Amino acid sequence: MIYQNLKKLPIIFLFGLLVFVSCSKKTIPTITERSSDPPPPVSPVINVKPDLDAGKTIFANQCSRCHGLPEPNKYNTQRWESILKIMIPRARLDRVQEVHVKAYILANAAK
Ligand code: HEC
């Protein structure tokens, strides 16, 4: 009986040690030196030349996924601006595609 309990002693001891080790504070390593410079901040303006042909393709492919393809000349520039604010994120276009699509639609918008 006593012998049986003694056999468990190392296990209890190890378990206690495990709890102690896992609960002890971990130190945050400090960065002593940087091996490279941090990346430059991304500019909010992107430098891409609007391409109407690319815009037309993106428009035809991406803007007909949820509804019929609207005619660009159905709305004037101002109306398109507010529609595109909603539809471009819906179509999940990236910022380059956005430039092309906007250019294509606005170039063909109603006057
Ligand atoms: C994820 C689905 C989806 C995609 C992709 C999408 N649209 Fe739409 N669109 C809608 C829904 C839904 C409506 C109905 C109006 C609303 O809910 O705002 C709508 C309405 C419109 C309207 C009518 C707006 C009005 O005021 O009558 C136009 C124009 C339009 N979309 C243009 C576009 C263009 C351009 C694109 C591509 C850049 C596009 N949509 C991509 C879902 C989508």
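These numbers come from a predicted model, not from an experiment.

The rules behind the values
- Residues numbered from 1 in each chain as written.
- Predicted model: local features only at pLDDT ≥ 70, side-chain atom pairs only at ≥ 80, totals over all residues.
- Heavy atoms only, no water.
- Donors = N, O, S within 2.8 Å, 3.2 Å for Na, K, Ca; no water.
- Buried < 20%, exposed > 50% of the residue type's maximum accessible area, 1.4 Å probe, protein only.
- Core = buried A, V, L, I, M, F, W, Y, C linked by side-chain atoms within 4.5 Å.
- Helix = DSSP H or I, 4+ residues; strand = E, 2+ residues; numbered from the N terminus.
- Contact = heavy atoms within 4.5 Å.
- Near = heavy atom within 4 Å.
- Polar contact = N/O pair within 3.5 Å; in protein donor to acceptor, adjacent residues only side chain to side chain.
- Nonpolar A, V, L, I, M, F, W, Y, C, P; charged D, E, K, R; others polar.
- Axes fitted to C-alpha atoms, helices over the stretch in contact; angles between N-to-C directions.
- Parallel < 35°, antiparallel > 145°, perpendicular 65-115°, else oblique.
- Left-handed = near helix turned anticlockwise from the far one by under 90°.

## Concerning the coordination of the iron atom of the ligand
Within the protein, the iron atom of the ligand binds to His-67 (NE2) and Met-87 (SD); these donor distances fall in the range 2.0 to 2.3 Å. What makes His-67 partly exposed here is its relative accessible area of 39%.

## Points about the nonpolar core
Of all hydrophobic cores here, the largest spans 13 residues; its most connected members are Phe-59, Trp-80, Leu-84, Leu-93, Val-101 and Ile-105. Of all elements in the fold, only helix H2 (52-62), helix H3 (77-90) and helix H4 (95-107) reach the threshold of two or more residues within this core. If near-sequence neighbours (up to four positions away) are discounted, Val-101 is found in contact with Gly-55, Ile-58, Phe-59 and Leu-93.

## Remarks on the site of the ligand
Among the 15 residues in the neighbourhood of the ligand, the closest are listed as Cys-63, Cys-66, His-67, Arg-79 and Met-87. Between the ligand and His-67, the relevant distance is 2.7 Å, taken from a nitrogen atom to a side-chain nitrogen or oxygen of the residue. Within the side chain of Arg-79, an N or O atom sits 2.6 Å from an oxygen atom of the ligand. Those elements that provide at least two residues to the shell around the ligand are H2 and H3. For the shell around the ligand, the element with the highest residue contribution is H3, accounting for 6 residues. Residues of the shell around the ligand, tallied by class, amount to 11 nonpolar, 2 polar and 2 charged.

## What to know about the packing of H3 against H4
When two helices pack together, their arrangement is given by the angle between the helix axes and the distance between those axes. Where H3 meets H4, the closest approach of the two axes is 11 Å, and the angle between their N-to-C directions is 150 degrees. Between H3 and H4, the angle falls in the class roughly antiparallel. Judged by the sense of rotation from one axis to the other, the crossing of H3 with H4 is right-handed. Here H3 contributes Thr-77, Trp-80, Glu-81, Leu-84 and Ile-88 to the contact with H4, which in turn contributes Glu-98, Lys-102, Ile-105 and Leu-106.

## A closer look at the side chain of His-100
Along the chain, His-100 turns up in helix H4. Of the polar contacts made by the side chain of His-100, one reaches the backbone nitrogen of Asp-51; its length is 3.0 Å. Once you skip the residues sitting within four places of it in the chain, His-100 turns out to touch Val-48, Lys-49, Pro-50, Asp-51, Ala-54, Gly-55 and Ile-58.

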